[in-house]
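Fold and contact review
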Amino acid sequence: MAQVNALPRQHRPDPLRALGVVALNGMFDEMDALGVLRHAVEEILPGDVAIVSSFGADSAVLLHMVSKVKKDLPVYFLETGKHFPETLDYVETLKTRLGLTNVIAIQPDPADLKRFDPNGDLWETDPDSCCHIRKTEPLEPITEEYGGWVTGRKRYQTVERGVLPHFELTSDDRIKVNPLAHFSDADVVAYRQEHNLPEHPLYQSGYKSIGCAPCTSVVAEGEDPRAGRWRGLNKKECGIHFDFNGAIAKPMVAVEKHRLFKDGAFIADPFHDWGEGDDAATAHYTHVPLPVFLEHRETFLANPHPLGLLVSPGERIEDVKDDLQRFASVAIKFPAFTDGRGYSTARLLSERYRFAGEIRAVGDVLADQIPLMRRCGVTALVVTHEPTRQALAEGKLAEVAIFYQPVGLTEVPVGTRPYLRRAG
Ligand code: SF4
């Protein structure tokens, strides 16, 4: 399968486009699924539409339609590394059988896997984080690349989807195309039979909704087909916009709730705050307050899960300097605009201790502070202040060009007087 190299593309909400989508639904209300798909691919979004497929139990119907309309339509497959071997076989079967020529496997970042899931068992302890590094993160840049996405969602699947239209406009101005909106369960079966489409090899064994192997189980007669996904856990969706079965969260809802700004975007945060009742032996993806870490140091060091450290003003990062490599992330608390102690902590981490993990600012993170934070080595920001979020999202933060105190190893004062020193 081809590998992906996506470039982000910005979309802006457009009221005229919204009106156009409403009109589209009126035009295509009575059109059959293949007609909707063809019109979307050829007329509405030529060259600007793609599909994510799980190659699961239900996928063959929509992929068959894709093969009728455009065999080289980009079909993205999230190769999490956790699929059943039968699913990987099924990818090849459907590619060959349907003649799909542009199936693209998206893989997780090996550095993320090494850092967050070195033993490959994260799904067991923290499935949200596992889905995040294996699905959400790899897919995010791809979703930016297209103006439209084809989904396999159907009205009958949930109450919320009862009025699912053929065309939807997302709040970030992308068009979702739902050719199968009006399909019933029986329609899917009938279509599969009519076109003699191969079944997923595990379907007859009772797997009715198929995702990663560790998180998929057989469903009993009469059970909801998705009951076999993440069984026993309070988890129903992957957290990605384009769930394997076509379930799509509203993109802007997902984006709005993210507070962590990193690498130029707001992203889901795998870390949690340390809470009452948390246990040093079993905690994972938690920012442990520095005094708590010192109190239970031996237990934390024996804990095999990814951990972070929280440093508040007045606490000394020097006290844990020998243990820093234990942490994937260090969160520095900035409680007020006038409190500069966090900057010193960040500089110690990045310059003296050469800490290679994430250095994040938490607390009162405001637009004016961010350029200074970055200069001191901060690589991630937790931001709740709405105007600051807006400025970050729009890339409108000013950089510091003149400074009186050089930081890091690269800034060299160009003048002898402090006010003449320049960054870069
Ligand atoms: S479905 Fe399970 S194994 Fe797959 S990414 Fe999510 S938690 Fe990990």
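Note that the structure is predicted; figures quoted are calculated from it, not measured.

**Considering the overall build of the chain**
Counting its regular elements, the chain contains 14 helices and 14 strands. Considering the chain as a whole, with its 424 residues, one finds that 50% of them fall into the buried category. Sequence-distant contacts, at least 24 apart, represent 62% of the contacts inside the chain between residues at least 6 apart. Per element, the accessible surface of the chain, about 20,400 Å² overall, is 53% carbon and sulfur.

**Considering helix 12 (residues 341-352)**
With 12 residues, helix 12 should reach 16 Å at 1.5 Å per residue; the first-to-last C-alpha distance of 16 Å fits that figure. Restricting attention to buried positions, one finds in helix 12 the residues Gly-342, Tyr-343, Thr-345, Ala-346, Leu-348 and Leu-349. Next to the buried residues of helix 12 lie strand 11 (308-311), strand 12 (329-334), strand 13 (358-363) and helix 13 (370-375). Positive phi shows up at Arg-354, right after helix 12, with a value of about 50°.

**Thoughts on the sheet that holds strand 4 (residues 148-150)**
Judged by pairing direction, the sheet is mixed, and its six strands sit side by side in the order 3-2-1-4-6-5 without closing on themselves. Strand pairing shows two members of the sheet lacking a second neighbour, strand 3 (103-106) and strand 5 (167-169), which therefore form its edges. Sheet twist, expressed as the average angle between the axes of neighbouring strands with direction ignored, equals 30°.

**What to know about the UniProt feature "binding site: [4Fe-4S] cluster" (unreviewed entry) in the chain**
Under the present numbering, the feature "binding site: [4Fe-4S] cluster" (unreviewed entry) in UniProt falls on Cys-130, Cys-131, Cys-212 and Cys-215. Spanning 86 residues, the named residues nonetheless gather at one spot, since no C-alpha pair among them exceeds 10.9 Å. Inspection of the secondary structure assignment puts Cys-131 in helix 7 (residues 127-145). Judged by its relative accessible area of 6%, Cys-131 is buried.

**Looking at the confidence of the model for the chain**
Scored by pLDDT, the chain has a mean of 79; 74% of the residues are at 70 or more. Across the chain, element-level confidence peaks in helix 10 (residues 290-295) with a mean pLDDT of 97 and bottoms out in helix 9 (residues 251-257) with 40. Here residues 2-11 is modelled with pLDDT under 50, and outside its nearest four sequence neighbours on either side it reaches 29 contacts, counting other chains as well. Within the model, pLDDT remains below 50 along residues 158-162, and this stretch shows six contacts once partners closer than five positions in the same chain are excluded.

**Brief notes about the pattern of salt bridges**
Overall, the coordinates contain 13 salt bridges when judged by the stated rule. A salt bridge links Glu-168 to Arg-153, with the shortest nitrogen-to-oxygen separation between them at 1.9 Å. Of this pair, Glu-168 sits in strand 5 while Arg-153 sits in the loop between strand 4 and strand 5; the two residues are 15 residues apart in sequence, bridging distant segments of the chain. Taking the relative accessible area as the measure of exposure, Arg-153 reaches 5% and is therefore buried. Residue Arg-389 pairs with Glu-386 through a salt bridge whose shortest N-O separation is 3.6 Å. Of this pair, Arg-389 and Glu-386 are both found in helix 14 (residues 386-393), three residues apart, which corresponds to roughly one turn of the helix.

Reading guide: rules and limits
- Residues numbered from 1 in each chain as written.
- Predicted model: local features only at pLDDT ≥ 70, side-chain atom pairs only at ≥ 80, totals over all residues.
- Heavy atoms only, no water.
- Helix = DSSP H or I, 4+ residues; strand = E, 2+ residues; numbered from the N terminus.
- Buried < 20%, exposed > 50% of the residue type's maximum accessible area, 1.4 Å probe, protein only.
- Contact = heavy atoms within 4.5 Å.
- Areas by Shrake-Rupley, 256 points an atom, 1.4 Å probe, with all protein chains shown as cover.
- Expected span 1.5 Å × (residues − 1).
- Pairing = 2+ DSSP bridges.
- Axes fitted to C-alpha atoms, helices over the stretch in contact; angles between N-to-C directions.
- UniProt positions renumbered as here; feature names shortened; annotations may be inferred.
- pLDDT = per-residue confidence, 0-100.
- Salt bridge = Lys/Arg side-chain N within 4 Å of Asp/Glu carboxyl O.

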